[in-house]
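Structure at a glance
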Amino acid sequence: MTTNPFGRVITAMITPMRPDGSIDEAGLRSVVEHLIANGHDGIVVNGTTGESATLTDDESIEAVRLAKEAAGDRAAITAGVGSNDTAHSIHMAARAAEAGADALLVVAPYYNKPTQPGLVAHFRAIADSTELPIMVYDVPHRTGQAISTETLIAVADHPRIIAVKDAKGDLWAATHAMAATDLLWFSGDDVLTFAHLAQGAVGCVSVVGHVAGKEYAAMVAAVDSGDLAAAREIHQRLIPVTDALMSTSQGAIMVKAALVELGVIESAFVRLPLVESPPEHLDIMRKGLAGSGLA
């Protein structure tokens, strides 16, 4: 079995910001402490939920440094370094390693829609450039291009490409890839985490985990012990909060509002083109937290 350097209960962490749009360093440390105190053994920094698209390179690397400094050896820090420019991804991989990242998350290149051989070449080039383990991120509704099962099988022979964050929504494709490789599989979609775990995923990279980390840790433990009924009960209990955070507007927007509500951060500021939640969305968020027993 491939060694897991990422953790199992992982959240793609928001990047807290002050009302003027600057990075809130104290808020970032507070979120790291909150996640670790609530069942997490891994954190993704500079993922989509971290507003990576609107962070500068220097801000992205500073977020990695601050998260690693705050987490120490209590949680693995996986740095999102993927882009639609292979050379830039390689550059950011090197900088993330220098900042203390334990592993890398590399999304499929977006917008330019490379061919499957192009995806293979992209992932291998980044893996060749670093000593850190890599989790490939398959999220076609954002990138415009799914990573095929054949491509995953092809890159799985690289010694540093050892995991997949699956947000493709295709459980049968995941079954094929897991059966054909020893890639560590992570649910990248909160609504499918129970299903992915039940068919062999080792963990999750969550958004709802910002507020339900203990619940996801309990779900992972229940599946490990063969108690699918207990895992399913947790899955169903999280329906209200999952719907509230993931279906109301956009994950980063709603999670920041929820963390303000819970007193973890002070500001729900998001950078344009994202905008903060209107009052009616805040009401949905509060009802979702209460409905899942989280507030």
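Here the residue numbering is sequential within each chain, running from 1 through the sequence in written order. In keeping with the model being predicted, local features are shown solely for residues with a pLDDT of at least 70 and side-chain atom pairs are shown and tallied solely at 80 or more, while totals for entire chains, interfaces and linings include all residues. Each side-chain value is derived from all of the structure's non-hydrogen atoms; neither hydrogens nor water enter the calculation.

On to the overall build of the protein, then. Helix numbers and strand numbers start at the N terminus; a helix is a DSSP run of H or I with at least 4 residues, a strand a run of E with at least 2. Secondary structure summary: the protein contains 13 helices and eight strands in total. This radius of gyration counts C-alpha atoms alone. The globule rule is 2.2 Å times how many residues there are, raised to the power 0.38. Against the globule reference of 19 Å for 295 residues, the protein gives a C-alpha radius of gyration of 18 Å, in line with a compact fold. Referenced to the eigenvectors of the C-alpha coordinate spread, the extents of the protein come out at roughly 45 × 45 × 35 Å. Going through the 295 residues of the protein one by one, you find that 57% of them count as buried. At a minimum sequence separation of 6, the contacts of the protein that also span at least 24 residues come to 71%. Here Asp and Glu are counted as negative and Lys and Arg as positive; His is not counted, and neither are the chain ends. In plain terms, the charge of a residue is placed at NZ if it is Lys, CZ if Arg, CG if Asp and CD if Glu. Each charge sign in the protein was given a centre, from 20 positive and 35 negative side chains, and these centres are 1 Å apart. Burial classification: accessible surface area is computed with a 1.4 Å probe over protein chains only, and a residue below 20% of its type maximum counts as buried, one above 50% as exposed, and the rest as partly exposed. Here, two residues are considered to be in contact whenever any of their heavy atoms come within 4.5 Å of each other.

Further remarks concern the UniProt feature "site: Part of a proton relay during catalysis" (unreviewed entry) in the protein. UniProt positions are given in the numbering used here, feature names are shortened, and annotations may be inferred rather than shown by experiment. Annotation from UniProt places "site: Part of a proton relay during catalysis" (unreviewed entry) at Thr48 and Tyr111. Every residue in contact with threonine 48, bar those within four places of it in the chain, is listed here: Tyr137 and Arg142. Accessibility expressed as a relative area gives 75% for tyrosine 111, which makes it exposed.

Here the focus is unusual backbone geometry. Across the junction of leucine 272 and proline 273, the peptide omega takes the value 15 degrees, indicating a cis bond. Within the fold, proline 273 resides in the loop between α12 (251-261) and α13 (279-291). Here asparagine 46, not a glycine, exhibits a phi torsion of approximately 70 degrees, which is positive. Along the chain, asparagine 46 turns up in the loop between β2 (42-45) and α2 (57-71). In this structure asparagine 46 comes out as buried when scored by relative accessible area, which is 5%.

Here we take up the nonpolar core. Nonpolar core, defined: a set of buried Ala, Val, Leu, Ile, Met, Phe, Trp, Tyr and Cys residues in which side-chain atoms within 4.5 Å join the residues together. Counting 76 residues, the largest nonpolar core has Val32, Ile43, Leu104, Phe123, Trp185, Val211 and Leu245 as its most contacted members. With near-sequence residues (within four places) excluded, leucine 245 lies in contact with Val208, Val211, Gln250, Gly251, Met254, Val255, Ala258 and Met285. Grouped together as the second largest cluster of nonpolar side chains are 17 residues, Val44, Ile162, Leu184 and Val205 included.

Let us look at the pairing of strand β4 (residues 103-107). Across a regular strand the side chains alternate sides, sitting on one face of the sheet and then on the other. Where burial is concerned, most of β4 is hidden: five out of the five residues are buried. Judged by which residues are buried, β4 turns out to be covered on both faces: Ala103, Leu105 and Val107 on one side and Leu104 and Val106 on the other are all buried. Viewed along the sheet, the connection from strand β3 (residues 76-80) through helix α3 (residues 86-98) into β4 turns out right-handed. The pairing criterion is simple: DSSP has to find at least two bridges between the two strands. Two elements, β4 and strand β5 (residues 134-138), share four bridges in a ladder whose sense is parallel. Residue valine 107 lies in a different strand from β5, and its bridge partner there is tyrosine 137. Whether a crossover is right-handed comes down to one check: with the strands pointing away from the viewer, does the path from the first strand over the helix to the second run clockwise; if it does, it is right-handed. On the question of chirality, the crossover connecting β4 to the parallel β5 by way of helix α4 (residues 116-128) is right-handed.

Adjacent strands of a sheet pair through backbone hydrogen bonds, lying either parallel or antiparallel. Read around the barrel, eight strands follow the order β1-β2-β3-β4-β5-β6-β7-β8 and close on themselves; strand pairing throughout is parallel. Sheet twist, expressed as the average angle between the axes of neighbouring strands with direction ignored, equals 25 degrees. Of the pairings in the sheet, the one linking strand β1 (residues 9-12) to strand β8 (residues 203-206) comprises three bridges and is parallel in character. Bridge pairing in β8 links threonine 11 to serine 206. Every axis in this analysis is a line fitted to C-alpha atoms, fitted for helices over the stretch in contact. Angles between the N-to-C directions lie between 0 and 180 degrees. Contacts from α2 reach β2 and β3 within the one sheet, and its direction differs from that of β3 by about 175 degrees. Relative to the sheet, α4 contacts β4, β5 and β6 (161-166), its axis offset from that of β4 by approximately 160 degrees.

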